Amino acid sequence: MQQIEKQVQAYGQTRNITDLQSYVDSIDVDEIKLLIKKRVNYADFSAFWNYLLQALDTERSQDKRYELVTTCINEIKDRNINTPHTNSVITRLCMELPKFSTRHLMSLCLLCMQFIQQGDVTEACWRELLPEVLNVLTERQHVEFNLNEMSGVQFKIQYINSLCMLDWSTNIVTPLTVMFMEMPLSKEEHLQVTHKLVSYLEKLTPQEIPAFVYQILRFCRNQNSRLVFHKLQEYFGLRIYMNILSNDSSEDTISDTLDEESIQAESTVLYHIYQTALLGHESIKDYLSSLKNFTKSPEFILHPFQLSVLLTLSTVTFCEDKVFELIRQSISRSFREDLKKSECFWLRDLVPETLDLENTFVKIIQNSLNDRDLVIQGLVNLSFVLLGVGTVLVKEKHHTAHTILQKLYNHIVLGNNIVQYVDCFRSFALKFTYITLENKSCVLQLMDSLVSVPEYCAEAILDTVIPLTKVSPTLRDHLILLLRKALYSRSTETRYVAVRGFLKVLTKLKIQNLTALSQINSSSSSGHSVLTQISLHRSGHSSQPSVFSNEALCLEVLNILRRCYMQQTDIRSKLYEGLNDAVNQNSDLALPVLNVLWSQFLKYYNDDEETLPPIDFSKISIIRDVDVVIQEPIGQLVCAINFLVVKIQELEDEDTNAKKFVDTFESMCRRLIKCELTHFDLDDGTNLADILPECKKKVATLKEAMRLYECLIGYKIWSWNKSSQSHAQQIIALFQGYFRLQHCAKNATKLKQKVDKKKKDLNKTTQQNRNTQRTQTSQQNRTTQGQPQTSQQQDPNDRQNENVFKGPKAIVIKTPPTILNFPILIKFLGLLHENVTWTTAQQANLLKVKHDIHQHVMQATAFQLQQLNTRKGLERNKEYYEYCRDIAKIIYPRCIHRLEEFLEFDITTANLAVECFNIILNIVCTNYSAELKTFLCAVGGGDSHNDIFTCLMPYLEKYQKLFELDDSTLDDQEFKNILETVGNTLTLLISQIPVNLQNTKHMDWMKMFATKHTVGTKNIAKLFGKLWLSTYMRTRSTLSLFEDVISDSQSVLGTISDETEAPVTLKIINELTVETFIECLASVIKILLDNIDWMTNRLRAEYGVLVYAEGSGLEKKREKLSNRERSVSCQLCLLMSLMEQFCNVKVSIALSRTVIDSVLSLYVSLNSLSKYFISRSSKVNPVFQNARFECVVKLAGRQVAPAWDRFILFLEQNQLEENENPQTKKKNSSNLKNKVLKETKSIPKVVHEIEQFSKFIIQLSNKTKCDLTGYIGAGTTRDFRIRDLRNVMEKNKTIDTTHSDDDTNDQLSTVRETDEDSTEDDSPPKKRKISLFH
């Protein structure tokens, strides 16, 4: 054998091909086979193999060559040889394949299929060989296989089909993927092979997954990559994310080895996907494009693996925007779907539960902490899209903090929605304070942006930065210097930010040594800045810390704030208000702040006991040109001092300074009680409602005096304790002075209105006289000149008269808003409504009987609550929640719980109390929802361990009784307002019932109320109608209530088809409220139809996902989809039956737009569902039949369409009758014209949608060969109609008879004339034209 090998190599090396061929032909084939078996595993075999194939390159040697080739392949396979030189052997063989006969090529294909079927791990013998064999066969024109002649392409198709029908071993799936990559496959073949390959994905171990995914991504680089991603989602979903997908809230750590291996495999897969995206493969673009169709089914995109893939792809430039838009849309869709599900029982029962997004992102972060930097980078970028930063991510990955903070700063400075980014920065700084301080440069940059962002954003930045200054003196000094610069800015808004910043700094300063503060105060009179001294002290590296640092800083800030007295009035008002808040949070500041304010107060205070009033109001405002400028907001100043005085009294009972302040305020109270209108220069007959500067100055004095009265009232309430005497009498006297000024303002406005009315009457009389004179003159002109005077010609005296009496618009004097704060109001409410222990019952009763005091206090409380409700960021301040809770603990048990009794005492106060509790409940539900159960138990009593529904029940029962109060006995607008507010509160309470704790008690009550009660106004009817119908939709799946409402509406208004009207079962629906209930019902129907559209889009997305789904759960998913399709069709059938009756109600023209819009929404939903079934159904599988869509078509064509036609005829007849009515024609001509114009836009839209529906049904019938066109007849809306056909026919008969008589007479006269004139004129007579209509 060695001789044979040497001789072959010798001939081959000398390129003596002829002798080589002769020598090989002379050797027995068995000897060569033995040589191949012996030498195939040697490194030098490839050279011998090359010469051997050259020797067999003849026609006579084909069979011998085939035997040797098969021997070589089998030997490689049997020995499991997979070395580089064996690969070169196969490669050399592939070069000879075009010389093989077709028969031998087909045999090689079958041999390779045999190897694949055996599942041999040695893929070298077929992985590279089979693609080349098929490529050669594809070029052959004629192939005979199994006694059938075919082309090479056809053979390849059959071969691939046979190959895909085999059961492959998981060991060779990856080599098979590589093999198919080298084959020329059509689109259909590629899809078939891809389906086959991904079906083996779930059988692979985690270690085998990365290699397979790498190869199949290369295989699908241009098409069909969706199947791969879908299958990977199922694979990792079952092995890693099963707890999340099953809504399991357990937080067990991953301890199973299989899970760890799966996580590592997933990480490698994500890396391969990232590399594929970097190469720009079309598969990634195709994958992202396909996901756009699945956003309507958000749980697919929000799957943890799918999110990990998308976050990885987001780091690639061309994918970033697409990926974040997909995630944002899916999250938004998920939240909106949850909201819709909470409002509709049918949708909640039909749509599956959504994933817990928080748990999903936490799981992704946990899996990404070790080696998924790309996912982490995507999460950071996504956080700015969603405006939220994951806490777990920052804790484990500190290096991401600088990136996050820097991006937040960039968004704050350059972005539009600054507040949201500032909130993110604040949350970050609170949770990771020390990590934030490590990135101090970002914080300093954020401080510098204070002067460039809007005011509301600057406040949020201050709330973010100031807590950091407590642990960082560098940041504190930088902030102080920055605020000092801002205080002298040209922008008023920037100066206000500086004031707010200094006040917030004061709240964080803890002063322990007031004596030290006074020493620093005396030493700082030299004019040097204390901040400079502190800085020098720090730079000296003293071993002892400065005990004066906080005190010195406090003094410096207060000295800076003194300069605010030179600022505008608005800034000083905010300063006074902010100082109170600062002292409230830091009581040690009370005395220093009071000293700062007291010097300003003394400028306007008259200390002479005989001087009235105690404040020099002439200095408070000045006249500048024609305007009045407030020099000092004395009300806010006194109010701030009032709070500080009482605070000092509480802290230091024996302090001499406190006694001085108290004596001053007591003197002010005594003197202000003695004041009359003359002391304020308000009774000299000056018209306060005029626009003269002097009048404006008096108005300013009046308002400041009212504020001063209210300040002293608040002082007396706030300082009232057990040792107080005659406080009640003084408060009553102060209220009398306040009401005296209030009455003066009201009288001035009324007087101005009376004067204007007299002038208007005088103007009207003068105008009438001039009109009479002008009429007489115009008649003379017509007589003399024959030219009438036009309406545009006007007497110049009239224009002059109008200019004289029209004048500028009068000023309406409004009562200034209250300056009583929440602590004072809470104490005042407790005094008026409860039995307090800090005063005697006799003193309290003096105030409790005063109706006007009750009204004022409750009105002030309502005003402060309304202001609080409009404030942003309440959830960050727990103090406001405590205020609301304390007020509710007084109002609810004392006013609302016994409202029937309180109405007899004072209905105005009762109205305000009900409004206050409604505002409080709204604030708590909106900003403190987590505290709702605690709030309800604290206010109304109860155990906070109960569920929320148990806590709500007492309130629901009470408000239900209040809503049942009979309003027929009280014809008062305030009582009707009470019922409206009660209804709003009841709506808010019912909305807080969780959907999983729905109870029928409130539904039973609403049914009982509607059956037995009536309401007095349309507003109350609208409120109850919305509440009842929406609650029914949220808790019931049927539409029986809506049918009852329509039936009773038909009984009240009548029916178009003149059907027998059923008796009214709901007493609440009457002539006053029927239109309101129809509007409420139309809005609910619109919501139901929107839900159907929502569900149709979701079905379309679910079907798109189902196309790529495989596995054992496929049939179950198809059955779920079929059930949902059937449910949508059934819901539409119910709505169409409802719509048929809705179109049969005789509504007014004003209400017809509601019906038209409802029909339009119905047909839009029908068209959307029709298009879905067109894409879903086929001739083989008419899906719409199983979904009962045929019933939908039948109802639409045979019931809804005729009802719509009758409604249009009825509407046209009504419009004709109203237009022909002379009484309503002049009155409502313009309104009717506008309504008709609107309806002419809506009705064609409905007609268009009906025609589109018919078109889609025809398309569905043609596609499925199921005839549905018999159910949809031709509409009559576009047909030409003759109104009052019977009257028209009678008129035509009369006209025909008249014309026949006239024709006879005309013919006789024509004959006579012809005989007489025949001699004169021989021309033929002219025939007369007879008209049928005159």
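Residues numbered from 1 in each chain as written. Predicted model: local features only at pLDDT ≥ 70, side-chain atom pairs only at ≥ 80, totals over all residues. Heavy atoms only, no water.

Turning next to the overall build of the protein chain. Assigned secondary structure in the protein chain consists of 60 helices and 4 strands. The buried share among the 1334 residues of the protein chain stands at 50%. Restricting to contacts in the protein chain with at least 6 residues of sequence separation, those with at least 24 account for 76%. Total accessible area computed for the protein chain in this model is approximately 64600 Å², and 48% of it derives from carbon and sulfur atoms. (Helix = DSSP H or I, 4+ residues; strand = E, 2+ residues; numbered from the N terminus. Buried < 20%, exposed > 50% of the residue type's maximum accessible area, 1.4 Å probe, protein only. Contact = heavy atoms within 4.5 Å. Areas by Shrake-Rupley, 256 points an atom, 1.4 Å probe, with all protein chains shown as cover.)

With that out of the way, let us pick up the environment of T985. With respect to the secondary-structure elements, T985 resides in helix α49 (residues 973–991). Remark: the alpha-carbon pair of T985 and I919, spanning 66 residues in sequence, is separated by 8.7 Å. Here T985 is in contact with F917, N918, L921 and Y959, once residues within four sequence places are set aside.

To continue, consider the pairing of strand β4 (residues 627–630). Taken together, the 4 bridges between strand β3 (residues 621–624) and β4 define a ladder with antiparallel strand orientation. Bridge pairing in β4 places R624 opposite D627. From the end of β3 to the start of β4, which pair antiparallel, there are 2 residues, and D625 there has a positive phi angle of about 60 degrees. (Pairing = 2+ DSSP bridges.)

This structure, assessed with the given rule, holds 0 disulfides. Cysteine C711 is unpaired, with the sulfur of C639 as its nearest cysteine sulfur at 4.6 Å. What makes C711 buried here is its relative accessible area of 1%. Of the cysteine sulfurs around C916, a residue in no disulfide, the closest is that of C895, at 9.0 Å. Classification of C916 as buried rests on a relative accessible area of 0%. (Disulfide = S-S within 2.5 Å.)

Under the criterion given, the structure shown has 30 salt bridges. A salt bridge links R103 to D63; its shortest N-O distance comes to 3.3 Å. Placement of R103 in helix α7 (residues 102–118) and of D63 in helix α5 (residues 62–79) is noted, with a sequence separation of 40 residues between them. E666 is paired through a salt bridge with K716; the nearest N and O atoms lie 3.0 Å apart. Of the two residues, E666 sits in helix α37 (residues 656–674) while K716 sits in helix α38 (residues 693–718), which places them 50 residues apart along the sequence. K716 sits in the buried class, given a relative accessible area of 0%. Here the residues in one salt-bridge network are E299, E337, R1098, E1102 and R1124, joined through shared partners. (Salt bridge = Lys/Arg side-chain N within 4 Å of Asp/Glu carboxyl O.)

Where the model shows low pLDDT, its predicted coordinates should not be examined in detail. Chain-level statistics for the protein chain give a pLDDT mean of 79 and a share of 80% at 70 or above. Scored below 50 in pLDDT, residues 388–396 makes 22 contacts in the model with residues more than four places away or belonging to other chains. Within the model, pLDDT remains below 50 along residues 774–810, and this stretch shows 25 contacts once partners closer than five positions in the same chain are excluded. (pLDDT = per-residue confidence, 0-100.)

What follows covers the packing of helix α34 (residues 569–585) against helix α35 (residues 590–601). At a minimum axis distance of 10 Å, the contact between α34 and α35 shows a crossing angle of 155 degrees. When the axes of α34 and α35 are compared, the pair comes out roughly antiparallel. Crossing of α34 over α35 shows left-handed handedness. Each of R572, Y576, L579 and V583 in α34 lies in contact with α35, whose residues at this interface are A590, V593, L597 and Q600. (Axes fitted to C-alpha atoms, helices over the stretch in contact; angles between N-to-C directions. Parallel < 35°, antiparallel > 145°, perpendicular 65-115°, else oblique. Left-handed = near helix turned anticlockwise from the far one by under 90°.)

So, on to the packing of aromatic side chains. Under the counting rule described, the total for this entry stands at 40 aromatic pairs. Considering the side-chain rings of F822 and Y883, the 5.3 Å spacing of their centres and the 20 degrees angle between planes classify their relative orientation as stacked. Here F822 is found in helix α41 (residues 822–833), whereas its partner Y883 is found in helix α44 (residues 878–896), with 61 residues between them in sequence. A residue is classified by how much of its surface remains accessible, and F822, at 9% relative accessible area, is buried. On the basis of relative accessible area, Y883 is assigned to the buried category, the value being 14%. The structure contains a cluster of three or more aromatic residues connected by ring pairs, namely F963, W1005, F1009, F1024 and W1028. (Phe/Tyr/Trp six-rings, centres within 6.5 Å; stacked < 30°, edge-to-face > 60°.)

A word on unusual backbone geometry. Residues other than glycine predominantly adopt negative phi, and peptide bonds predominantly adopt the trans conformation. Here the residue pair L612 and P613 is connected by a cis peptide bond, since its omega of -5 degrees sits within 30 degrees of zero. By the element assignment, P613 lies in the loop between α35 and β3. Phi is positive for D681, close to 60 degrees, though the residue is something other than glycine. Structurally, D681 can be placed in the loop between α37 and α38.

This part is about the side chain of R333. As for its placement among the helices and strands, R333 is situated in helix α19 (residues 320–343). The buried charged residue R333 lacks any salt bridge, with E337 as its nearest oppositely charged partner at 5.0 Å. When neighbours within four sequence positions are excluded, R333 is seen to be in contact with T295, K296, P298, W1094, N1097 and R1098. (Lys, Arg positive; Asp, Glu negative; His and termini not counted.)

Relative to the 20 Å expected for 14 residues at 1.5 Å per residue, helix α22 (residues 373–386) spans 20 Å between its end C-alpha atoms, a close match to the ideal helical length. By the burial criterion, the buried members of α22 are V375, I376, G378, L379, V380, N381, L382, S383 and F384. (Expected span 1.5 Å × (residues − 1).)

With that settled, consider helix α48 (residues 948–963). Compared with an ideal rise of 1.5 Å per residue, which puts 16 residues at 22 Å, α48 spans 22 Å between its outermost C-alpha atoms and is within 8% of the ideal. At P954, α48 shows its strongest bend, of approximately 30 degrees. Burial analysis of α48 places 12 of its 16 residues in the buried class, the great majority of the element. Measuring from the backbone nitrogen of F949 back to the side-chain oxygen at the start of α48 gives 3.0 Å, which picks out D947 as the cap. (Bend = angle between axes of the 7 residues up to and from the residue. Polar contact = N/O pair within 3.5 Å; in protein donor to acceptor, adjacent residues only side chain to side chain.)

Moving on, we get to the environment of Y200. The topology assignment puts Y200 in the loop between α11 (187–198) and α12 (209–219). Judged by relative accessible area, which is 3%, Y200 ranks as buried.

Quick look at the packing of helix α52 (residues 1040–1053) against helix α53 (residues 1074–1107) now. Running from N to C, α52 and α53 cross one another at 145 degrees; their axes reach a closest spacing of 10 Å. When the axes of α52 and α53 are compared, the crossing they make is left-handed. Residue-level inspection shows F1042, V1045, I1046, S1049, V1052 and L1053 of α52 in contact with α53, the latter providing V1074, F1077, I1078, L1081, V1084 and L1088. Taken together, the residues that form the contact of α52 with α53 break down as 11 nonpolar, 1 polar and no charged. (Nonpolar A, V, L, I, M, F, W, Y, C, P; charged D, E, K, R; others polar.)

Within the fold, I923 resides in helix α46 (residues 907–927). Using a relative accessible area of 0% as the deciding quantity, one classes I923 as buried. For the pair I923 and C884, spaced 39 residues apart in sequence, the C-alpha separation works out to 8.3 Å. For I923, the contacting residues outside a window of four places in its chain are L865, L868, N869, L874, C884 and Y928.

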